[in-house]
Amino acid sequence: MTNKKLIVITGASSGFGAEIAKIFNQAGNPLLLIGRNIAKMEALPLDFTNIMLAQADVTNLTDFTASIRRAEAKFGPTDLLVNNAGIMLLGNVENQSSQEWQTMLDTNVMGVLNGTQIVLQNMIDRQGGTIINMSSIAGFKAFTNHAAYVASKFGVHGATETIRQEVASKNVRISLVAPGAAETNLLTHVTSKSALNDYQSWKESMGGITLDPKYVAQTVKFIYDLPQAVEIREVDIAATRQDA
């Protein structure tokens, strides 16, 4: 049994979430990994001795809450929640499906608010704990074909700073990490071929390689490992050759 504290990571099956899981697993922390694809999480190269997996949608508050409470019953209270689950559906607002807008707003914004609410009261009561919200450079800067995605990530930025102000006096840390374009599977669900082609052309203009997710994971770990009295409010991180 480890004496290290519980780390909860949403969207843990791939990309940033998987890399964050690896780095905290190597550090010996007990983990709750939440995702919609159990098989992908089971296939991660991890030591599963102190890991719980939960197949849950972060937009479902009941299931999300139950998953975290089961892990806390075994490992103790959540000391770090990484609100990483997110979806990016590129498209022009003139013709993009409103359902795609709703999907991004529900996952990217409501998922963050749900996770925060589930763990926040206990952190306030303990006068400690950390929540790191994974946003995007698109949370403070507009990009063509990203209107609804940008709207959702601007929401994450605004919610993060508001909650940080609300709980600062309670010694609870609320931080935000905003990566640029990265080598993840975020583009998997894009339905607009023209938007996808535009993105790929932009990526090629940067040399065809964007940010390695492992550096985002290292950033999350650095934020968490600082003393509780020290808070990095926001980190923007991108490939050096990203020009936007």
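Keep in mind that what you see is a predicted model, and the values were worked out from it rather than measured. (Residues numbered from 1 in each chain as written. Predicted model: local features only at pLDDT ≥ 70, side-chain atom pairs only at ≥ 80, totals over all residues. Heavy atoms only, no water.)

> Can you break down the packing of helix H4 (residues 98–126) against helix H5 (residues 147–167) residue by residue, with the values?
Close contact between H4 and H5 brings their axes to 8 Å; oriented N to C, the two are set at 15°. When the interaxial angle is binned, H4 and H5 end up roughly parallel. Remark: the crossing between H4 and H5 carries right-handed chirality. Of the residues in H5, those in contact with Trp 101, Met 104, Leu 105, Asn 108, Val 109, Val 112, Leu 113, Thr 116, Leu 120 and Ile 124 of H4 are Ala 148, Tyr 149, Ser 152, Lys 153, Val 156, Ala 159, Ile 163 and Val 167. For the contact of H4 with H5, the per-class residue count stands at 14 nonpolar, three polar and one charged. (Axes fitted to C-alpha atoms, helices over the stretch in contact; angles between N-to-C directions. Helix = DSSP H or I, 4+ residues; strand = E, 2+ residues; numbered from the N terminus. Parallel < 35°, antiparallel > 145°, perpendicular 65-115°, else oblique. Left-handed = near helix turned anticlockwise from the far one by under 90°. Contact = heavy atoms within 4.5 Å. Nonpolar A, V, L, I, M, F, W, Y, C, P; charged D, E, K, R; others polar.)

> Got a sec to walk through the pairing of strand S2 (residues 31–35)? Specific residues and values, please.
The buried fraction of S2 is high, at five of five residues. By the alternation rule, side chains of S2 split into Leu 31, Leu 33 and Gly 35 and Leu 32 and Ile 34, which are all buried. Each parallel crossover has a hand, and for strand S1 (residues 6–10) linked through helix H1 (residues 15–26) to S2 it is right-handed. Relative to strand S3 (residues 51–55), S2 runs parallel, the two sharing five bridges. Note that in S3 the partner of Gly 35 across the bridge is Gln 55. (Buried < 20%, exposed > 50% of the residue type's maximum accessible area, 1.4 Å probe, protein only. Right-handed = clockwise from strand over helix to strand, strands pointing away. Pairing = 2+ DSSP bridges.)

> Tell me about the nonpolar core, residues and numbers included.
By size, the foremost hydrophobic cluster in this structure holds 29 residues, and its most contacted members are Ile 9, Ile 20, Phe 24, Leu 33, Met 134, Val 177 and Val 220. Among the secondary structure elements, those contributing two or more residues to this core are S1, H1, S2, strand S4 (78–83), strand S5 (130–134), helix H7 (213–225) and strand S7 (234–237). Of the residues forming this core, the biggest block, six residues, is contributed by H1. Apart from the residues within four sequence positions on either side, Met 134 is in contact with Phe 16, Val 82, Asn 83, Asn 84, Lys 153, Val 156, Val 177, Pro 179, Val 216 and Val 220. (Core = buried A, V, L, I, M, F, W, Y, C linked by side-chain atoms within 4.5 Å.)

> Go over the side chain of Gln 96 with me, naming the residues and quoting the values.
Checked against the element boundaries, Gln 96 lands in the loop between S4 and H4. Residue Gln 96 is classed as buried on the basis of its relative accessible area, which comes to 10%. A polar contact of 2.8 Å, which involves the side chain of Gln 96, links it to the side chain of Glu 100. With near-sequence residues (within four places) excluded, Gln 96 lies in contact with Leu 89, Leu 90, Gly 91, Trp 101, Met 104 and Ala 148. (Polar contact = N/O pair within 3.5 Å; in protein donor to acceptor, adjacent residues only side chain to side chain.)

> Quick rundown of the sheet that holds S5? Include the residues and the values.
The strand order S3-S2-S1-S4-S5-S6-S7 describes an open sheet built from seven strands, whose pairing is parallel. Each end of this open sheet is capped by a strand with a single partner; those strands are S3 and S7. In this sheet, neighbouring strand axes are inclined to one another by 15° on average, regardless of whether the strands run parallel or antiparallel. Those strands touched by H4 are S4, S5 and strand S6 (173–179), and its axis lies near 160° from that of S4. In this fold H7 packs onto S1, S4, S5, S6 and S7, with an angle of close to 165° to the strand it touches most, S6.

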